[in-house]
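# Observations on the three-dimensional arrangement
Listed below, chain by chain, are the residues.
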Amino acid sequence: NSISSLNPEVLSSLTLAYIGDAVYELWVRCYLLSRGPQRVNDLHRETVKYVNAGTQSKFVQLLEPLLDEKEAMVLRKGRNAKSGRQPKKTEMIDYRRATGLEALVGYLYLLNKQERLEEIFSRLVELVEREAGKI
């Protein structure tokens, strides 16, 4: 059994979000490492700026108009999926949007759409850096 045998079309939104969460965080960590050596504590603090429901929710709002019909549907289904989990210290709408984003990332990853993922992640970097006042 391999990743290439997984069909994202038949997986639940929460399963796609489960994969997407890991892909998203790994991408953020690799991106931060690519900027040069840093202390692990600093890397963690920077990672949290990207990997939190509030940032992901803002990002979804900016990203939605740029999605094609299928991507928008995957994001919407992920956002509407009932996880049965009440998030701590997070608004439910932010948590739901973040789940939608993670479902989209999982979907694109399993389809091996690396170029599209890079495009989406580069937009995320622009958002976070703009909010941090770096650009």
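In case you missed it, the structure is sitting above this.
We now turn to the structure provided with this report. For every chain, the first residue of its written sequence is number 1, and the numbers climb from 1 along that sequence. The predicted origin of the model limits local features to residues at a pLDDT of at least 70 and limits the giving and counting of side-chain atom pairs to 80 or more, whereas totals for whole chains, interfaces and linings rest on all residues. The side-chain quantities take in all heavy atoms of the structure and omit both hydrogens and water.

For the rest of this paragraph, the subject is unusual backbone geometry. Even without a glycine there, the phi angle at asparagine 112 is positive, about 60 degrees. By definition, any uninterrupted DSSP run of H or I lasting at least four residues is a helix, any uninterrupted run of E lasting at least two residues is a strand, and each is numbered from the N terminus. If you trace the backbone, asparagine 112 turns up in the loop between α5 (92-110) and α6 (114-131). Type-normalised accessible area, obtained with a 1.4 Å probe on protein chains alone, sets the label of each residue: buried when under 20%, exposed when over 50%, and partly exposed for intermediate values. Taking the relative accessible area as the measure of exposure, asparagine 112 reaches 58% and is therefore exposed.

Another aspect to go through is the pattern of salt bridges. Side-chain pairs of opposite charge can arise whenever the charged atoms involved come near each other. Should a side-chain nitrogen of Lys or Arg be within 4 Å of a carboxyl oxygen of Asp or Glu, the pair is scored as a salt bridge. Evaluation of the coordinates by the stated rule reveals eleven salt bridges. A salt bridge links arginine 35 to glutamate 46; the shortest N-O distance between them is 3.3 Å. Here the residue arginine 35 occupies a position in the loop between α1 (13-34) and α2 (40-50), and glutamate 46 occupies one in helix α2, the gap between them amounting to eleven residues. A network of salt bridges, in which partner residues are shared, links Arg35, Glu46, Lys49 and Glu129.

The span you would expect from a helix comes to 1.5 Å times its residue count less one. Helix length check: α5 (19 residues) gives 27 Å between terminal C-alpha atoms against 27 Å at 1.5 Å per residue, within 8%. When you tally the buried positions in α5, you get 14 out of 19 residues, the bulk of the element. Following α5 by one or two positions, asparagine 112 adopts a phi angle in the positive range, close to 60 degrees.

A pair of aromatic rings is counted whenever rings of Phe, Tyr or Trp (Trp by its six-membered ring) have centres within 6.5 Å, and the orientation is called stacked for planes under 30 degrees apart, edge-to-face for over 60 and tilted otherwise. Scanning the model with the defined rule gives four aromatic pairs in all. Ring centres of tryptophan 27 and tyrosine 31 lie 5.4 Å apart, and the angle between their planes is 5 degrees; this geometry places the pair in the stacked category. Of the two residues, tryptophan 27 and tyrosine 31 are both situated in helix α1; the distance of four residues between them amounts to about one turn of the helix. Clustering of aromatic rings is evident, with ring pairs tying together Tyr24, Trp27, Tyr31, Tyr50 and Phe121.

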